[in-house]
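An overview of the molecular structure
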Amino acid sequence: MRLRVLITNDDGIAAPGIQALARAAVDRGLDVVVAAPLEEASGTSAAMSAMEQDGQVVVREHPLPELDGVPAFGVGGSPGFIALIAVHGAFGPPPSVLLSGINRGANAGRAVLHSGTVGAAFTAAANGCRAMAVSLDVLSAGEATAASGGAAVAAAARVRDAERNWATAARVALDLLPRLTAAPTESVLNVNSPDLPLGRLRGVRRATLATFGQVQMTVAESGHGFVRTSLEEPGQAVQPGTDLALLADGYASVTAVRAITEVADVDLSGIDGE
């Protein structure tokens, strides 16, 4: 029996990364269905938001180029919401694996908390479906900061998407699939690939999470009735062995992460009357 895989993202159903990931999964002989937001939903984490018409969540067929026969749907909902309804059979038989990506931009460090790409994977894992988040490091911190300054700059960057090395990230992700299926269900693999041709990739390395993301939000100005934010590069050096350090050195990084878990190192003694 072929492994059934749902592919989603937070960049939207028309994003080039999701098409590359779906193509790679089909080429590996997997049973693929694609369901992703109708519009970009970056930064939504594991939000459960959806757009309804007459009390029904909007779901539209959205065939992907050169992927005839692969069911694909644009959904009026966040990636986390899509992951949740997928494991409950919204797009046919529930998947055994969810692949989220390929995100346009690295999802690294503790900033993965805010990622819709990673949020979809966390949601799937919390509901019994193995999951992987996949991202391509297409922006340096400086470029990301510049892109936040205006729609024209961001649009110009997207024009270059056809030149990006989506296939490298897809190859790394699919090669890691046996590791994912052998791992505990509640674990998520967070994979980041540099924007390099496969022949220039230095390899794949296990990484720890950096203590920050590529950029950090800061409050630039606040006043009566308003707050203005901006992005800035982190002031601290990248730590060796982290996902950001490995990307900078030309390696793809993979980090096993787990979402909501209990911890035992907080003193709660005496609360129960013990």
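Described below are features of the structure shown in this document. (Residues numbered from 1 in each chain as written. Predicted model: local features only at pLDDT ≥ 70, side-chain atom pairs only at ≥ 80, totals over all residues. Heavy atoms only, no water.)

So, the overall build of the chain
In terms of regular secondary structure, the chain is built from 8 helices and 13 strands. As displayed, the chain has an accessible area near 13,800 Å², and 52% of this comes from carbon and sulfur atoms. (Helix = DSSP H or I, 4+ residues; strand = E, 2+ residues; numbered from the N terminus. Areas by Shrake-Rupley, 256 points an atom, 1.4 Å probe, with all protein chains shown as cover.)

Section: the environment of S78
Relative to the assigned elements, S78 resides in the loop between β6 (72-75) and α2 (79-87). Residue classification places S78 among the buried residues on the basis of a relative accessible area of 2%. Residues contacting S78, with those up to four places away along its chain left out, are T44, A47, M48 and S49. Within the structure, the side chain of S78 is placed 2.4 Å from the backbone oxygen of A47, a separation counted as a polar contact. (Buried < 20%, exposed > 50% of the residue type's maximum accessible area, 1.4 Å probe, protein only. Contact = heavy atoms within 4.5 Å. Polar contact = N/O pair within 3.5 Å; in protein donor to acceptor, adjacent residues only side chain to side chain.)

A short note on the side chain of T117
Summarising the element assignment, T117 is placed in helix α3 (residues 116-126). Using a relative accessible area of 0% as the deciding quantity, one classes T117 as buried. With residues near it in sequence (within four places) discarded, T117 still touches D10, S100, G101, N103, N107, A133 and V134.

Describing a nonpolar patch on the surface
A contiguous nonpolar patch, built from V263, V266, L268 and I271 and spanning about 420 Å² of accessible area, is present on the exposed surface. Assignment of secondary structure puts L268 in the segment after β13 (252-258). The exposure class of L268 is exposed, given its relative accessible area of 56%. (Patch = residues over 30% accessible without salt bridge, like charges linked within 9 Å, V, L, I, M, F, W, Y side chains within 5 Å. Salt bridge = Lys/Arg side-chain N within 4 Å of Asp/Glu carboxyl O.)

A few points about the packing of helix α1 (residues 16-27) against helix α6 (residues 166-175)
Two elements in contact, α1 and α6, have axes whose closest approach is 9 Å; the angle formed by their N-to-C orientations is 45°. In terms of orientation, α1 lies oblique with respect to α6. Viewed along their axes, α1 and α6 form a crossing whose handedness is right-handed. For the pair formed by α1 and α6, the contact residues are P16, G17, A20, L21, A24 and A25 on the first element and W166, A170, A173 and L174 on the second. Looking at side-chain class alone, the contact of α1 with α6 contains 9 nonpolar, 1 polar and no charged residues. (Axes fitted to C-alpha atoms, helices over the stretch in contact; angles between N-to-C directions. Parallel < 35°, antiparallel > 145°, perpendicular 65-115°, else oblique. Left-handed = near helix turned anticlockwise from the far one by under 90°. Nonpolar A, V, L, I, M, F, W, Y, C, P; charged D, E, K, R; others polar.)

Overview of the sheet that holds strand β8 (residues 130-137)
Read from one edge to the other, the open sheet built from 9 strands follows the order β5-β6-β2-β1-β7-β8-β9-β13-β10, with strand pairing classed as mixed. In this open sheet, the two strands that pair with only one neighbour each are β5 (59-61) and β10 (204-206). Strand-to-strand twist across the sheet, computed as the mean angle between neighbouring axes with direction ignored, equals 25°. With 4 bridges joining them, strand β2 (residues 31-37) and β6 adopt parallel strand pairing. If you follow A36 over to β6, its bridge partner there is G74. (Pairing = 2+ DSSP bridges.)

So, the pairing of strand β1 (residues 4-8)
Of all 5 residues that make up β1, 5 are buried, and the element is covered over most of its length. The alternating pattern of β1 places R4, L6 and T8 on one face and V5 and I7 on the opposite face, and all of these are buried. Of the strand pairs in this sheet, β1 and β2 are connected by 4 bridges, and their pairing is parallel. In the strand pairing of β2, I7 is matched with V34. Assessed by its sense of winding, the connection that carries the chain from β1 through α1 to β2 is right-handed. With 4 bridges connecting them, β1 and strand β7 (residues 97-104) associate as parallel partners. (Right-handed = clockwise from strand over helix to strand, strands pointing away.)

Remember that the coordinates give geometry; whether it matters functionally is a separate question.
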